[in-house]
Amino acid sequence: MTSDEPFTDGAVETEEQRGGLSRRSVLLTVGGAATLAVASEVAAQPISERPPAASTGRVRLVVNGRQHELDLDPRRSLLDVLRETLDLTGTKKGCNQGACGACTILLNGRRIVSCLTLAAMHEGAEIKTIEGLETNGELHPLQAAFVEHDGLQCGFCTPGQIMSGIGCIAEGHAGSPDEIRFWMSGNICRCGAYPGIVAAVADAARRA
């Protein structure tokens, strides 16, 4: 058998020595050409056919008495703007589906779950979060009542409970423990501190 016969090491050596293309070099060449072709096609694609870049819009919000003018993606929730843009992390992100009440804030005096509303929908709105309740270093009466009645355990739900409790009292739904439980039912406490929470809301309502 000589080195020129096919399917032998000698045949391979002979092909490379002759300066020909091996199977490996052919595959590398074809693969590189294909990649360049795809890249060229993308570059040549009209701008109108490319995925649109996120646009922003100017939104004015008054948060805890301070005015903010923000360039925002209109798809951002009010909760994310409060936490990530304004660094007001007291409002908690729980289920992010409007079911737990951890993100409750006051918007124009009414309690809402901020995860289900877009910031761009509230141009000029007045928003109050847990950070805006204290006055001159003094706790809001409902905050003080939560401490007095031990209405918090892990504390994660507490900001939403307090903001919702303020709304509950303002709406006139704090006349009895049963009424408070009904109108606060959208706020979930996984630790089970409900007795203290109801007592705190009832106490603050009596003092209001």
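Look up a bit, the structure's there.
Residues numbered from 1 in each chain as written. Predicted model: local features only at pLDDT ≥ 70, side-chain atom pairs only at ≥ 80, totals over all residues. Heavy atoms only, no water.

Asker: How would you sum up the sheet that holds strand E4 (residues 110-113)? Please name residues and give values.
Answerer: If you walk across this open sheet you meet the 5 strands as E2-E1-E5-E3-E4, and the pairing is mixed. Where the open sheet ends on each side, the last strands, each with one partner, are strand E2 (66-72) and E4. Along the sheet, successive strands turn relative to each other by an average axial angle of 40 degrees, direction set aside. Bridge count for strand E1 (residues 57-63) against strand E5 (residues 126-128) is 2 bridges, and the pairing is parallel. If you follow Val63 over to E5, its bridge partner there is Ile127. Where helix H3 (residues 78-85) meets the sheet, its contacts fall on E1, E2, strand E3 (104-107), E4 and E5, and the angle it forms with E2 comes to roughly 105 degrees. (Pairing = 2+ DSSP bridges. Helix = DSSP H or I, 4+ residues; strand = E, 2+ residues; numbered from the N terminus. Axes fitted to C-alpha atoms, helices over the stretch in contact; angles between N-to-C directions. Contact = heavy atoms within 4.5 Å.)

Asker: Please give an account of the pattern of salt bridges that cites residues and values.
Answerer: Applying the stated criterion across every chain yields a total of 11 salt bridges. A salt bridge links Lys93 to Asp80; its shortest N-O distance comes to 2.8 Å. Within this pair, whereas Lys93 is found in the loop between H3 and E3, its partner Asp80 is found in helix H3, the two being separated by 13 residues in sequence. You can call Asp80 buried: its relative accessible area is 17%. Ionic pairing is found between Asp203 and Arg207, a salt bridge with its closest N-O pair at 3.0 Å. Placement of both Asp203 and Arg207 in helix H7 (residues 194-207) is noted, with a separation of 4 residues, approximately one turn of the helix. (Salt bridge = Lys/Arg side-chain N within 4 Å of Asp/Glu carboxyl O. Buried < 20%, exposed > 50% of the residue type's maximum accessible area, 1.4 Å probe, protein only.)

Asker: Tell me about the packing of helix H4 (residues 141-148) against H7, and please be specific about residues and values.
Answerer: Look at H4 against H7: their axes get within 8 Å of each other, and the N-to-C directions meet at 140 degrees. The angle between H4 and H7 places the two elements in the oblique class. Crossing of H4 over H7 shows right-handed handedness. Within the contact between the two elements, H4 uses Leu142, Ala145, Phe146 and Glu148 and H7 uses Ile197, Ala200, Val201, Asp203, Ala204 and Arg207. Split by residue class, the contact of H4 with H7 holds 7 nonpolar, no polar and 3 charged. (Parallel < 35°, antiparallel > 145°, perpendicular 65-115°, else oblique. Left-handed = near helix turned anticlockwise from the far one by under 90°. Nonpolar A, V, L, I, M, F, W, Y, C, P; charged D, E, K, R; others polar.)

Asker: I'd like to hear about the packing of aromatic side chains, residue by residue, with values.
Answerer: On inspection of all chains with the given rule, the structure shows 1 aromatic pair. On the numbers, 5.4 Å between centres and 80 degrees between planes, the contact of Phe182 with Trp183 is edge-to-face. On the basis of relative accessible area, Phe182 is assigned to the exposed category, the value being 57%. With relative accessibility at 35%, the residue Trp183 sits in the partly exposed group. (Phe/Tyr/Trp six-rings, centres within 6.5 Å; stacked < 30°, edge-to-face > 60°.)

Asker: Now, about the environment of Ser77: what can you tell me, with residues and values included?
Answerer: On the secondary structure map, Ser77 appears in the loop between E2 and H3. Put simply, Ser77 and Ser114 are 37 residues apart on the chain and 7.0 Å apart in space, counted from C-alpha to C-alpha. Within polar-contact distance, the side chain of Ser77 engages the backbone nitrogen of Asp80 at 3.1 Å. (Polar contact = N/O pair within 3.5 Å; in protein donor to acceptor, adjacent residues only side chain to side chain.)

Asker: Describe H4, naming the residues involved and giving the relevant values.
Answerer: All buried positions along H4 are accounted for by Leu142, Gln143, Ala145 and Phe146. Angularly, the buried residues of H4 cover 160 degrees about the axis, an arc narrow enough to put them on a single face. Relative to its buried face, H4 has exposed residues pointing more than 90 degrees away, namely Pro141, Val147 and Glu148. On its buried face, H4 is in contact with helix H5 (158-170) and H7. (Arc of directions from axis to C-beta.)

Asker: Give a detailed account of the nonpolar core, specifying residues and quantitative values.
Answerer: Core analysis: the largest hydrophobic core is formed by 22 residues, its most contacted members being Leu142, Phe146, Ile162, Ile180 and Val201. If you list the elements that add at least two residues to this core, you get H4, H5 and H7. Examining the composition of this core, we find that 6 residues originate from one element, H7, more than from any other. Ignoring sequence-local partners within four residues, the contact set of Leu142 consists of Ile162, Gly165, Ile166, Ala200, Val201 and Ala204. (Core = buried A, V, L, I, M, F, W, Y, C linked by side-chain atoms within 4.5 Å.)

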